[in-house]
Amino acid sequence: MGLKKWLLFMVIFALSLTIVISLLIYFQAKGPFSEATDKAESYVLENNLLAQVDKTYVYNNTSTFYTVIGSTAKGEKKAYFLPHGKSDEKIMEVNLEEGISEQRAVDLVMKDVKDGKLLHAKLGVEDIGPVWEITYVNAEDNLNYVYLLFDNGEWWKRISNL
């Protein structure tokens, strides 16, 4: 085998190995979150809190909660907040019709943001109660967090230009 072929083989091999290792690391890192959100979904379904799950994610701020959003057997849209690892915290719930919607929260935050990019909107729990966490990057590529009260959409806290 010539030197060029040997070099080409080594480059392709190294690139393939890098891709395989990267994928393994990604799936290993994602595993605990997937397992935890699966457990949260199973809990709300097995205890008949929700009949259908639409969305589940981790909300992490002063405390960590698993937010599970879905519909009850009666068709009510609800969100349940399951605490992570703290037996003294109780499961909380909100009826989504009793507060502002995710889209309304995003609209309130992004209406004055020019050339910003929304990263996510999450419903979570803080000491003050349920809040929408809206995260975006502004035109200068700075990270921003805005927290709106779920009940009425009032601004609770803002962390700008990180």
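Our subject is the structure listed above.
As the structure is a prediction and not an experimental result, all values here were calculated from the model. (Residues numbered from 1 in each chain as written. Predicted model: local features only at pLDDT ≥ 70, side-chain atom pairs only at ≥ 80, totals over all residues. Heavy atoms only, no water.)

(A) Broad picture of unusual backbone geometry. Even without glycine at this site, Asn48 takes up a positive phi of about 55°. Mapped onto the elements of the fold, Asn48 is located in the loop between helix H1 (3-46) and strand E1 (52-60). The exposure class of Asn48 is exposed, given its relative accessible area of 68%. (Helix = DSSP H or I, 4+ residues; strand = E, 2+ residues; numbered from the N terminus. Buried < 20%, exposed > 50% of the residue type's maximum accessible area, 1.4 Å probe, protein only.)

(B) Local environment of the sheet that holds strand E4 (residues 92-95). Ordered in space as E1-E2-E3-E4, the four strands form an open sheet in which the pairing is antiparallel. Two strands lie at the open edges of the sheet, namely E1 and E4, each paired on one side alone. The sheet shows a mean angle of 20° between the axes of neighbouring strands, direction not considered. Pairing between strand E2 (residues 64-71) and strand E3 (residues 77-83): seven bridges, direction antiparallel. Paired with Ser71 across the strands is Lys77, a residue of E3. (Pairing = 2+ DSSP bridges. Axes fitted to C-alpha atoms, helices over the stretch in contact; angles between N-to-C directions.)

(C) Spotlight on the sheet that holds strand E6 (residues 129-137). In space, the four strands of this open sheet follow the order E5-E6-E7-E8, with antiparallel pairing throughout. The two strands at the open ends of the sheet, each matched to only one other strand, are strand E5 (117-126) and strand E8 (155-159). Ignoring which end each strand starts from, the neighbouring axes of this sheet average 20° apart. Pairing between E6 and strand E7 (residues 143-149): seven bridges, direction antiparallel.

(D) Representation of the pairing of E2 within the structure. Summarising burial for E2: seven of the eight residues are buried, a large majority. As judged from the eight bridges shared by E1 and E2, these two strands associate in the antiparallel manner. The residue of E2 that forms the bridge with Gln52 is Ser71. Hairpin connection from E1 to E2: three residues lie between these consecutive antiparallel strands. Where E2 folds back on E3, the antiparallel hairpin that results is connected by five residues, among which Gly75 adopts a positive phi of roughly 90°.

(E) Here's a closer look at a nonpolar patch on the surface. A contiguous nonpolar surface patch, about 730 Å² in accessible area, is contributed by Leu3, Trp6, Phe9, Met10, Phe13, Leu17 and Ile21. Here Leu17 lies in helix H1. Assessed through its relative accessible area of 41%, Leu17 is described here as partly exposed. (Patch = residues over 30% accessible without salt bridge, like charges linked within 9 Å, V, L, I, M, F, W, Y side chains within 5 Å. Areas by Shrake-Rupley, 256 points an atom, 1.4 Å probe, with all protein chains shown as cover. Salt bridge = Lys/Arg side-chain N within 4 Å of Asp/Glu carboxyl O.)

Without other data, these values stay purely geometric and don't point to any function.
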